[in-house]
Every structure is written in structure tokens, then in C-alpha cells.
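Examination of the molecular architecture
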Amino acid sequence: MALGVVWFISTVFSLVHLTPLHLPKEEYGFKQWMSQHNKVYDTEEYYHRLHIFTENRREIDHHNAGNHSFTMGLNQFSDMTFEEFRKLFLLTEPQNCSATTGGHVNRAGPYPEFVDWRMKDNVVTPVKNQGHCGSCWTFSTTGCLESVNAIATGKLIPLSEQQLIDCAKDFNNHGCMGGLPSQAFEYIKYNKGLMTEEDYPYKGHDDSCHFEPALAAAFVLDVVNITSYDEKAMVDAVARLNPVSFGFQVTADFMHYREGVYRSTQCKNTADKVNHAVLAVGYGVEESGMPYWIVKNSWGTAWGMDGYFLIERGKNMCGLAACSSYPLLLI
Ligand SMILES: *[C@@H]1O[C@H](CO)[C@@H](O)[C@H](O)[C@H]1NC(C)=O
Ligand SMILES: *[C@@H]1O[C@H](CO)[C@@H](O)[C@H](O)[C@H]1NC(C)=O
Ligand SMILES: *[C@@H]1O[C@H](CO)[C@@H](O)[C@H](O)[C@H]1NC(C)=O
């Protein structure tokens, strides 16, 4: 009885947001979050971050109280405004990403209802973390080439993002300032190879190029672009061939993603708005009937569903079909 009353009161309070900004309850939650994420601030910064954290938490609670296909949650980004997040982690300039006629050739289906390349032995490397560098495009590229290489050779070898950051500038890539998987595959093709993660480890900032031809470990014969906005061709490629690199637009609601099928009314769906690159490793259909992609991100395993997310499939959600590509392997 008493417990029920406490539950009722606390529910009413949290639902109507009667808690003012700097009450101990919020600070307690913030301090817990700080210790969980090893955050330390000076006093001034502490109150600034507490304020942002509290706003984010409100947005998360508000979203989760509604009827949505995905939930939000606290994560390592919860003390940042979206504007700060955008500058640190996303592509800040429009990329040249649309392929009006792609090289991918569709076969006629039928396709399996559910595909998940992670369930095959040794095809997908563990989720990585790009850190404070706009290098998503390099992780999308290595993720795709690692899988293509593993499917063909049986060997799953983590490949170097840092080489792409340092060396792929002649192909319209800009290190931590952005780039595109299709352009990175072009670089690997003309460069005659990409080194391993071990031989050319990740630093997460721009540096000079240290490519050593003798240590090249994966080779690209050609780049296959999928025709822009042909999402069915992406299904064809993922079902028959391998995981596929794609770009889409990240908006503020995505920063707090926890689990479920992401869909947004905030994002746009054109190629010029694409600001993040990731890897489709599979697809499926929810019990509710909603089709989705299974996507590998590069924000570490603490974000989303162990570093992965699901996003609605079949509607070019957030421009996800605007620029997708994969490499053909040179063995
Ligand atoms: C929640 O949303 C789904 C899909 O939009 C809808 O089918 C369902 O009826 C909604 N449930 C409630 C309780 O509003
Ligand atoms: C693929 O698209 C990129 C732009 O993202 C373009 O630079 C490249 O030439 C295209 N490659 C092919 C083989 O169509
Ligand atoms: C897009 O392509 C043009 C022409 O090749 C180039 O000058 C420009 O820098 C490219 N944009 C980006 C963001 O790479």
C-alpha cells in the first residue's frame, strides 16, 4: 500500500515535470552518469553540463513516454547539445555523394525476410569508436571491406581507418573533416591496398601518410555505387553479396537513440543533407510489420544496441538510400 502511494506520487511528479532544474534528484542522476562515464568538470563547467544533461534527460523521458518505434536513453553524449555533438562527430559539409547511375546490377528476388551477417562466423569485426574526429566515413569503409574480404577469403582482418584519414585526400576526402566510403574505396583501388588496424593503428586526428606498400592487406578491384534512392538495390546487395556502406542525416533525436527501429520526422532525405556514414549488416521486419535495416555504427559499444541501431527500411529514411556503395575485392 505505502509503496503504491510512493510509486503513484513519483510517477505523477515525473510525468508532469514538477522537478525544477537544480534539485538534488537531477544532480544525483547526473553524478551517477558522470562516474559511469568518467567525467570530471570544474565548478563552472559542472553547472553548465548539468543544465544540458537535464534538458537532454527531459527530452529522453518525454520521448519514452510517447508511442514510438524506438526508445531513447542516456549515453556518453548526454552532457552535450546537438550543436556540440554535430561539430565533433558529424560531417559538417555537404558531400558529393549521389550516384545517379550506379554500377550495382539487381537480380530478381525473392530475398530472405531476415538477413544478419553478424550471425555468420567471422564476417563482421567488433564495433569500433571514432572518438572526436569526423571519420565515420573511414569506419564505414573499413567495416565494409573487412566483411567483403572475410566473405571471399575466410579471414576477418581489422583494417586501418587512420590510413584513410592520412592518405586518401586526393579523392575528395578530408581526414577528420569528412569524406565518403565510395571515395575511400576509390583511393584504396588506386593506392593498391589498405593496411591492417594493427600495422596502421587509429589515432583519431589528422596526421601525415605512413602507407607502406609491403604491408597492404586488402585490395579493391573496383567500387560499386548503388543508384541513388534505389533502396531495393541495397536489399539486393545485402541479401546476396555483403554488408553495404551508406550515408544518412543524423539529427538531434538520433544522438539519444537506445533501441528499437529509428524513424524521424526531423531529418531530411536528400543527398546534400547526409552527415554520417555507417554499415548495413542486415535487415528484417518488426512484429508490427515495420521493415528495418540492422546497422553498425562507430560510436563504441556503449551507444545504442551494443553499438548497433535499427532504422526504418523502404522509405529512404533520413536519406539512407542517397549514397550507398561497396567494393569488389581484388584477390
Ligand atoms: C502506437 O503506435 C502504433 C503504430 O503507429 C499504433 O498501431 C498503435 O495503435 C499505437 N498505440 C497506442 C496505444 O496509441
Ligand atoms: C561512385 O560515386 C562516387 C561519388 O560518391 C564517384 O566519385 C565515383 O566516380 C563513383 N564510381 C563509380 C564506379 O561509379
Ligand atoms: C565535391 O567535388 C568538387 C569537385 O570535384 C570538389 O571541389 C569539392 O571539394 C568536393 N566536396 C567535398 C566536400 O569533398
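Reading the values: the criteria
Residues numbered from 1 in each chain as written. Chains lettered and ligands numbered in written order. Predicted model: local features only at pLDDT ≥ 70, side-chain atom pairs only at ≥ 80, totals over all residues. Heavy atoms only, no water. UniProt positions renumbered as here; feature names shortened; annotations may be inferred. Buried < 20%, exposed > 50% of the residue type's maximum accessible area, 1.4 Å probe, protein only. Helix = DSSP H or I, 4+ residues; strand = E, 2+ residues; numbered from the N terminus. Expected span 1.5 Å × (residues − 1). Arc of directions from axis to C-beta. Contact = heavy atoms within 4.5 Å.

Named according to an unreviewed UniProt entry, the protein chain is Pro-cathepsin H originating from Sander lucioperca. The protein chain has a UniProt comment under Sequence similarities (unreviewed entry) that states "Belongs to the peptidase C1 family." Per UniProt, the protein chain has the following entry under Function (unreviewed entry): "Important for the overall degradation of proteins in lysosomes."

Overview of helix 8 (residues 231-240)
Of all 10 residues that make up helix 8, eight are buried, and the element is covered over most of its length. Regarding helix 8, the residues found buried are Glu-231, Ala-233, Met-234, Val-235, Asp-236, Ala-237, Val-238 and Ala-239.

Details of helix 2 (residues 24-36)
Side chains three or four residues apart in an α-helix point the same way, a direct result of the helix having 3.6 residues per turn. Compared with an ideal rise of 1.5 Å per residue, which puts 13 residues at 18 Å, helix 2 spans 18 Å between its outermost C-alpha atoms and is within 8% of the ideal. For helix 2, every residue scored as buried is listed here: Glu-26, Glu-27, Gly-29, Phe-30, Trp-33 and Met-34. Across the axial projection of helix 2, the buried residues extend over an arc of 160°, all falling on one side. Along helix 2, the residues that are exposed and aim more than 90 degrees away from the buried face are Pro-24, Lys-25, Tyr-28, Ser-35 and Gln-36. Looking at the buried side of helix 2, the elements it contacts are helix 3 (43-65). Backbone geometry just after helix 2 places Asn-38 at a positive phi near 50°.

Re the UniProt feature "domain: Cathepsin propeptide inhibitor" (unreviewed entry) in the protein chain
According to UniProt, the positions carrying the feature "domain: Cathepsin propeptide inhibitor" (unreviewed entry) are residues 30-85. When the span residues 30-85 is considered, its composition is 61% helix and 5% strand, and the gap between its end C-alpha atoms is 18 Å.

Quick word on the side chain of Ser-140
Its place among the elements puts Ser-140 in helix 5 (residues 136-153). The residues touching Ser-140, leaving out its near neighbours within four places in the chain, are Pro-181, Ser-245, Phe-246, Ala-277, Val-278 and Leu-279.

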